[in-house]
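# Residue-level structural notes
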Amino acid sequence: MRATLAATEQNLVDIFANNQYVFEIPLYQRPYAWTVEHIDELLDDLVDAMDRDYDAPYFLGSVVLIKSNDDPRSEVVDGQQRLTTLTMLLCVLRELSQGREIANQLDEFVREKGSQLKRTKDRLRLSLRELDREFFQRNVQNRGGLESFLNSDPASYSDSQKQIFKNVKYLNRKLKELDAERRDKLADFVSYNCYLVIVSASDTDSAYRIFSVMNDRGLDLSATDILKAQIISELPKGTQNNYADRWESLEEGLGRDDFRDLFAHIRMIYRKDKLRGTLQAEFREHVLEELGPVTAQRFLDEVLEPYAHCYEIVSRASYESTKDADKVNTLLQHLKRLDNFDWIPPAVAYFGREVQQDKLLKFTKYLDRLAYGLFIRRANLTQRVNRYADVLRAIERNDNLFDETSPLQLSQTEKSEILTRLDGDLYSLIRVRRPLLLRLDSLLTDPGVGHFLGHYQESIISIEHVLPQNPAEGSQWIEWFPNAEERAQWTHRLANLVLLSRRKNTRASNFDAIRSYGLDFQAMIGENRFIVGG
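Residues numbered from 1 in each chain as written. Predicted model: local features only at pLDDT ≥ 70, side-chain atom pairs only at ≥ 80, totals over all residues. Heavy atoms only, no water.

### Side note on the environment of P407
Summarising the element assignment, P407 is placed in the loop between helix 18 (381-397) and helix 19 (412-422). Sequence-wise, P407 and A394 are 13 residues apart; in three dimensions their C-alpha atoms are separated by 7.6 Å. Once residues lying within four places of it in the same chain are set aside, the contact partners of P407 are L370, R387, D390, V391 and A394. (Helix = DSSP H or I, 4+ residues; strand = E, 2+ residues; numbered from the N terminus. Contact = heavy atoms within 4.5 Å.)

Structure follows, in structure tokens:
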């Protein structure tokens, strides 16, 4: 039989409530791995979209299935994280709903009701991979199972089950912060206004070809290819080849991935908001249309080429000047260690406007402080984008960015929150701990040693506890810290963490840290000193 392929855009009512699909996660798929941060961003986006324009469609991404036309059974090739998370959201909304009718309707999104006359049994809309299937059904999908699940001890759960537990608990807490009416409104918005693109292939080979193409990083360049065709075609025939050559030279100079990212950053500079549609649509509306007459020529001359130059400086820390170039580039390198690049648009915008060397250094210092402040506070995507949008507006207005009221500056409340985070359990913040320790180490290192130019080989850096996480019985540490609670209080704190090469870390694990490092840790604890990579 000839292979078939279909792609349709459907809302969640069509996907979960019309008996078209019974999703099955095959055993070979990796475990569920979305974190609380993923959940926070999704929920924040959904509520924001609901409040912004309730009637506008909201795109949730795509799912690739192996499915025949006449059979609802659907093997999920790509999209299991998204489908599992949406099911969690629907289940928590169902359990929190104070109206029986809405709760019943949400339950139908989770479970297809059986029929005695049709001789069919109840059937779950989604079945996880076999190792987690019964766990997810009993604790999340089954009606009434959520309360005991949230009060359970996750110590015996597998890693994927612990992640499910954390995410369901977080969803439950955040949705409880909404009143009953807003929760029901969110349920309605998610059901009717949230869309997935369902790509169905009738055979395995076709499905995996689609999956490979959709995950090929080069595919994302289709947005810039479309824009290139549109922009170059608007130029007079006699200039098209010249501008096409300039365009391709910029793309080759930055590299395909960076060139794609440049367009996303330019969109942010003009739009000053999260991407809510396709890149090409928002680029046309908020960049090209804003440029006005002779759009194509102005875009290439006034936007693409100068911003490409600034983006290369910022992203590669390659600023050159007769004064303070090393300081600026060191700060840019610190920024590149963060787990996001939302700071790049304001950096590109400012470097494109400001030529005074003193101001560039001062701006980069404050941007570094703001970005690390947001990073330490674990600000989500919406919070970061909104803050940097304010900075972009201030740059555009030519405001004094160094005034204490500027959005580039940290407020007293933010400073207090940062200090509180620094005084807590840092080691458990996996994304934060390494960049932060390297950043703090750079502040404590003598600038004359050329720290950033080779003091550390970052690829072999690891983080070691001075007071071990599990000190051996009879060790010096047990003598110094006989109280288990006191040991636990200090184990993951900043004062107990050092940067080491992995080679030394491995060697140190065989000895008491006091002998490995020669540190009088007991005295340091008494003085409450920070030990950071010295």
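### Focus on empty space enclosed by the protein
Counted according to the given criterion, the structure contains two cavities of 30 Å³ or more. In this model, the second largest cavity occupies a volume close to 40 Å³. Breaking the lining of the second largest cavity down by element, the ones donating at least two residues are helix 2 (36-52) and helix 3 (80-96). No other element matches the four residues that helix 2 contributes to the lining of the second largest cavity. Class assignment for the residues of the lining of the second largest cavity results in six nonpolar, one polar and no charged. (1 Å grid on protein atoms, 1.4 Å probe; cavity = no way out; pocket = protein on both sides within 12 Å on 5 of 7 lines; lining within 4 Å. Points joined across faces, edges and corners; volume = space filled by probe spheres on them. Nonpolar A, V, L, I, M, F, W, Y, C, P; charged D, E, K, R; others polar.)

### Some words on the sheet that holds strand 2 (residues 22-24)
Taken together, the six strands give an open sheet; going across it, the order is 1-8-3-4-2-7, and neighbouring strands pair in mixed fashion. Of all strands in the sheet, those bounded by a partner on one side alone are strand 1 (5-11) and strand 7 (126-127). Relative to strand 8 (residues 194-201), strand 1 is paired through seven bridges, and the arrangement is antiparallel. Within the sheet, the bridge partner assigned to A7 lies in strand 8 and is V199. Along the sheet, helix 8 (residues 180-193) makes contact with strand 1, strand 3 (58-66) and strand 8, crossing strand 8 at roughly 35°. (Pairing = 2+ DSSP bridges. Axes fitted to C-alpha atoms, helices over the stretch in contact; angles between N-to-C directions.)

### Digging into the pattern of salt bridges
This model, assessed by the stated rule, comprises 40 salt bridges. The closest approach of N and O atoms between R267 and E282, which form a salt bridge, is 2.7 Å. A residue pair is termed long-range when its members are at least 10 positions apart, and R267 in helix 12 (residues 256-271) and E282 in helix 13 (residues 279-291) qualify at 15 residues. Both residues of the pair, R267 and E282, belong to the buried class. Residues participating in the shared-partner salt-bridge network are R377, R387, E414, E417 and R421. (Salt bridge = Lys/Arg side-chain N within 4 Å of Asp/Glu carboxyl O. Buried < 20%, exposed > 50% of the residue type's maximum accessible area, 1.4 Å probe, protein only.)

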